[in-house]
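Next come the chains, spelled out residue by residue.
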Amino acid sequence: MRNIDELRTPAAGRVLEIWRQCREEAGDPLERTLLCNARILAESCFFEGGPAFDGWEAVLSDLTGRQMEGLLRRLAGEDVPPSAPAGAVNPAFDQRRFDALGKE
């Protein structure tokens with residue numbers, strides 16, 4: 001993962017604008033979410049005063065889903081340990097919903 005020494009939370013209006021752009025570009029909800037999150041992180045992550053990523057494509061190519069989630073949680077103001085244990089379980093994960101999405 002790239003060095004990031006500052007996270008700047010975008011304004012709610014900017015997040016909404018990014019979400020609307022992604023909604024128009026991607027029909028699949030998972031793809032839309034990944035694109036939106038990558039764009040938010042590309043605009044929010046900084047190193048030594050400059051952007052840590054050259055764009056959302058760099059976010060997607062450089063970060064894992066777990067790394068993106070951790071940065072987004074930090075942007076939201078949650079205390080997140082730098083690296084979660086490998087066997088960590090997401091208590092909000094709904095296996096039935098996940099299985100149902102695979103059938104659509």
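To be clear, the structure that these remarks concern was listed above.
Glancing now at the overall build of the chain. Of regular secondary structure, the chain possesses five helices and three strands. Starting at the N terminus and walking to the C terminus, you meet the elements of the chain as β-α-α-β-β-α-α-α. A burial count over the chain gives 25% of its 104 residues as buried. Nonlocal contacts in the chain, meaning residues at least 24 apart in sequence, comprise 54% of its contacts between residues at least 6 apart.

So, about helix 4 (residues 65–75). Among the residues of helix 4, those classed as buried are Met68, Gly70, Leu71 and Leu75. Mapping the buried residues of helix 4 onto a view down its axis gives an arc of 160°, with all of them on the same face. On its buried face, helix 4 is in contact with strand 1 (6–7), helix 2 (29–44), strand 2 (45–47) and helix 3 (56–62). Gly77 lies just past helix 4 and shows a positive phi near 90°.

Let us now look at the side chain of Ser44. Tracing the backbone shows Ser44 in helix 2. If we ignore the near neighbours within four places in the chain, the residues touching Ser44 are Glu6, Leu7, Arg8, Pro10 and Leu75.

Okay, the sheet that holds strand 1 next. Strand order in the open sheet made by the three strands is 1-2-3, with antiparallel pairing throughout. The open sheet has two edge strands, strand 1 and strand 3 (50–51), and neither has a second partner.

In contact at an axis separation of 9 Å, helix 1 (residues 12–25) and helix 2 are set at 140° when each is read in the N-to-C sense. For helix 1 against helix 2, the interelement crossing comes out right-handed. On helix 2, the residues that touch Arg14, Val15, Ile18, Trp19, Gln21, Cys22, Arg23 and Glu25 of helix 1 are Arg32, Thr33, Leu35, Cys36, Arg39, Ile40 and Glu43. Grouping the constituent residues of the contact of helix 1 with helix 2 by class yields seven nonpolar, two polar and six charged.

Moving on to the state of the cysteines. Under the counting rule described, the total for this entry stands at zero disulfides. Looking at Cys22, it has no disulfide partner, and the nearest cysteine sulfur is the one in Cys36, 4.7 Å off.

Take a nonpolar patch on the surface next. Residues Leu30, Leu34 and Leu60 make up a contiguous nonpolar surface patch of roughly 260 Å² in combined accessible area. Along the polypeptide, Leu34 turns up in helix 2.

Mapped onto the secondary structure, Pro29 falls in helix 2. Overall, the relative accessible area of 48% leaves Pro29 in the partly exposed class.

Conventions and cut-offs
- Sequence positions are assigned chain by chain, starting from 1 and proceeding in written order.
- For a predicted model such as this one, the threshold for reporting local features is a pLDDT of at least 70, and the threshold for listing and counting side-chain atom pairs is 80 or more; totals across whole chains, interfaces and linings nevertheless cover every residue.
- Water and hydrogen atoms play no part in the side-chain values, which are based on all heavy atoms of the structure.
- Helix numbering and strand numbering both begin at the N terminus, where a helix is a DSSP run of H or I of at least 4 residues and a strand a DSSP run of E of at least 2.
- Only protein chains enter the accessibility calculation, which uses a 1.4 Å probe; a residue whose area is less than 20% of its type maximum is buried, one above 50% is exposed, and one in between is partly exposed.
- Any two residues whose heavy atoms approach within 4.5 Å at even a single point are treated as in contact.
- Directions are taken from the helix axis to each C-beta atom, and the arc is the one they span.
- The rule for pairing is simple: two strands pair if DSSP sees at least two bridges between them.
- Every axis corresponds to a line fitted to the C-alpha atoms, with the helix fit spanning only the stretch in contact, and the corresponding angles, defined between N-to-C directions, vary from 0 to 180 degrees.
- Crossings are assigned a handedness: left-handed for a near helix turned anticlockwise from the far helix by less than a right angle, right-handed for a clockwise turn.
- Under this grouping Gly is polar, as are all residues other than the nonpolar Ala, Val, Leu, Ile, Met, Phe, Trp, Tyr, Cys and Pro and the charged Asp, Glu, Lys and Arg.
- In plain terms, two cysteine sulfur atoms within 2.5 Å form what is called a disulfide here.
- Two joining distances apply to patches: 9 Å for like charges and 5 Å for nonpolar side chains (Val, Leu, Ile, Met, Phe, Trp, Tyr), and every residue must have over 30% relative accessible area and no salt bridge.
- For accessible areas, the Shrake-Rupley method is used with a probe of radius 1.4 Å. Any residue's cover is judged against the shown protein chains and nothing else.
- By convention in these notes, a salt bridge is any Lys or Arg side-chain nitrogen within 4 Å of a carboxyl oxygen on Asp or Glu.

Geometric descriptors of this kind do not, in isolation, establish any biological role.
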